[in-house]
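An overview of the molecular structure
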Amino acid sequence: MNRIISLISILVSLSIWNTCTESAYVQDKLVRLEPLTEQHLDYLRSLEDNGSLDFWTEITGSDRPIDVHIPANEYDQYVSEFKQYSLPFHVLVDNLQESIDNEQRELLQDRLMRQIQGRWAGQPRASIVGTYARYNDMVAFLQEKAAADPTHVEVFDIGRTFENRIIQGIVLKFNPSATRNIWIDCGIHAREWITPATCIWLIDQFIAEYNNNDATTRDLLNNWNVYIAPSLNPDGYEYSHTTSRLWRKNRSKRPSSTCYGVDLNRNYPWKWMTGGASSSPCSETYAGPSAGSEIETVGVVNFLQSKINTWDMYMSFHSYGQWWFTPYGYTTNLPDKAPANYATLEAAAKVGAATIQTFNQRKYAVGSVSRLLYIASGSTVDWAYDALNIPYSYTIELPPTQGDSAGFVLPVSLAPGVCQETYAGMKTFLAEVKKNLASSSSG
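Residues numbered from 1 in each chain as written. Predicted model: local features only at pLDDT ≥ 70, side-chain atom pairs only at ≥ 80, totals over all residues. Heavy atoms only, no water.

**Here's the deal with the sheet that holds strand β2 (residues 54–55)**
Taken in spatial order, the four strands make up an open sheet running β2-β3-β1-β4, and their pairing is antiparallel. The sheet is open, and its two edges are formed by β2 and β4 (89–93), each paired on a single side. (Pairing = 2+ DSSP bridges. Helix = DSSP H or I, 4+ residues; strand = E, 2+ residues; numbered from the N terminus.)

**Examining the pattern of salt bridges**
Summed over the entire model, instances satisfying the criterion amount to 23 salt bridges. Residue K434 is joined to D219 by a salt bridge in which the shortest nitrogen-to-oxygen separation is 3.3 Å. On the criterion of sequence distance, the pair formed by K434 in helix α13 (residues 415–442) and D219 in helix α7 (residues 215–223) is long-range, its members being 215 residues apart. In this structure D219 comes out as partly exposed when scored by relative accessible area, which is 39%. (Salt bridge = Lys/Arg side-chain N within 4 Å of Asp/Glu carboxyl O. Buried < 20%, exposed > 50% of the residue type's maximum accessible area, 1.4 Å probe, protein only.)

**Describing the nonpolar core**
The biggest cluster of nonpolar side chains holds 63 residues, and the ones touching the most others in it are I184, M315, W324, M426 and F429. Considering every element that reaches this core, the biggest residue donor is helix α6 (residues 194–211), with 10 residues. Once residues lying within four places of it in the same chain are set aside, the contact partners of M426 are I184, L202, M313, M315, F317 and I396. With 21 residues, the next largest nonpolar core counts V171, L264, W383 and I390 among its residues. (Core = buried A, V, L, I, M, F, W, Y, C linked by side-chain atoms within 4.5 Å. Contact = heavy atoms within 4.5 Å.)

**Some details on the state of the cysteines**
Simply put, disulfide is the name for a covalent bond between the sulfur atoms of two cysteines. Here the structure, examined in full by the defined rule, presents two disulfides. Sulfur-sulfur distance for the disulfide between C186 and C199 comes to 2.1 Å. Its torsion about the S-S bond being 85°, the disulfide of C186 and C199 is classed as right-handed. On the criterion of sequence distance, the pair formed by C186 in the loop between β7 (180–185) and α6 and C199 in helix α6 is long-range, its members being 13 residues apart. The same class applies to C186 and to C199, which are both buried. One disulfide bridge connects C259 with C282, the sulfur atoms lying 2.0 Å from each other. (Disulfide = S-S within 2.5 Å.)

**Describing the side chain of E397**
Residue placement: E397 occurs in strand β12 (residues 392–401). Notably, E397 is buried but unbridged: the nearest opposite-charge side chain belongs to R248, and the N-O separation is 7.3 Å. A polar contact is formed between the side chain of E397 and the backbone nitrogen of S319, at a distance of 3.3 Å. (Lys, Arg positive; Asp, Glu negative; His and termini not counted. Polar contact = N/O pair within 3.5 Å; in protein donor to acceptor, adjacent residues only side chain to side chain.)

**Side note on the domain arrangement of the protein chain**
If you check the domain split of the protein chain, you get domain 1 (29–94) and domain 2 (131–441). Once you take the C-alpha centre of each, domain 1 and domain 2 turn out to be 29 Å apart. With 17 residues of domain 1 in contact, the opposing surface of domain 2 contributes 23 residues. Contact between domain 1 and domain 2 buries roughly 1400 Å² in total, counting both sides, with carbon and sulfur atoms accounting for 50%. Scanning the region where domain 1 abuts domain 2 turns up one salt bridge. The shortest N-O distance in the salt bridge between R191 and D54 comes to 2.9 Å. Where domain 1 touches domain 2, the interface holds three residue pairs in polar contact (both at pLDDT 80 or more). Residue assignment for the side of domain 1 that touches domain 2 shows that the elements contributing at least two residues are β1 (29–33), α2 (38–49), β2, β3 (66–70) and β4. By residue class, the composition of the side of domain 1 that touches domain 2 is five nonpolar, five polar and seven charged. (Domains from an automatic or database assignment. Buried area = accessible area lost by both parts, 1.4 Å probe. Nonpolar A, V, L, I, M, F, W, Y, C, P; charged D, E, K, R; others polar.)

So this is what it looks like as structure tokens:
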């Protein structure tokens with residue numbers, strides 16, 4: 001009887017939760033633009049710089065389409081402008097709210113089934129592995145993992161957010177003699193829900209496979225202390241769950257502007273505002289008033305600097321596009337300004353990408369941010385490589401591809417597969433990094 005009452009309460013609470021979600025994107029469009037001239041590109045750059053439109057893909061050149069989110073009440077205005085500029089376009093998604101509503105329904109069903117399965121099995125909490133969990137549930141997950149094995153698993157604080165949340169991560173220390181570290185983070189951009197899910201999956205599988213004597217996992221975790229931060233932007237992430245699904249930035253507020261938020265991946269104190277970032281507070285790529293201005297940035301910088309010269313690898317997960325990026329993002333002056341070990345960086349990434357393709361036929365392009373896609377200054381990958389001298393520094397853009405209209409609203413049903421294939425790719429990639437480091441130290 002208690003189980004039945006409990007399941008009824010779950011149904012009621014989830015139904016209430018579903019009716020309270022916002023409908024902020026009714027009749028908003030996702031539009032694909034196909035710039036043909038430099039005039040087209042200049043026009044689009046001006047729109048991006050002043051925050052007029054939400055660009056889902058980057059402005060890279062006349063040979064690449066660009067997807068933009070246009071609010072319903074501004075659509076006719078922009079159609080008129082596109083026609084004035086003779087800029088080809090077509091609508092990919094006619095009503096973004098329908099895509100978001102479908103995601104919410106799927107997420108509701110997924111949460112319901114997980115809660116039922118957990119209660120039926122006598123578990124105090126539903127599993128969040130392979131789904132889009134809320135931030136408090138992620139923190140609880142980290143604490144439960146640490147409580148289950150306090151000798152080898154610890155929760156650590158990175159710092160606080162603008163809204164005074166604690167940014168927490170977890171460190172796996174299976175070998176007390178290990179002195180070298182690797183870092184993995186997710187969720188620096190709020191709307192990229194697949195990335196925190198991926199970090200949670202990595203934590204869960206690393207621990208499970210180590211305890212189940214998986215040879216590769218034990219070899220990796222005996223070699224390194226593994227630091228994983230599932231969400232570097234909890235304020236923005238929660239806002240994307242409760243208020244604005246497509247929110248990207250943090251939630252800081254400047255008295256001089258009516259717009260909220262800084263793009264944390266343009267705020268790091270290395271080559272700040274040298275290109276691919278905006279000085280407009282309303283822009284999605286607003287870099288902040290100064291380098292390292294955001295409290296979230298300061299927390300990460302201070303934490304990693306406190307262990308400087310112990311890091312072998314830095315990985316930041318983003319979405320979307322299926323790219324595996326190396327430094328640099330701030331300059332196109334390559335190969336003259338390529339990382340000294342660029343060939344090794346690229347080769348190791350290709351090992352991981354090949355595993356993903358073998359696993360699920362999903363192809364990743366590998367190379368530097370600026371060479372493959374666009375200029376982006378003040379990002380984590382360049383800061384980690386140059387300012388901290390971390391020899392293997394990367395950014396991965398998870399699925400879907402840039403041609404997929406799902407974009408940031410990746411269906412909940414696809415999340416486990418993306419997480420699983422990414423974990424497989426990370427294992428072979430890390431094994432390659434370990435091999436390379438051992439070879440260089442012996443040589």
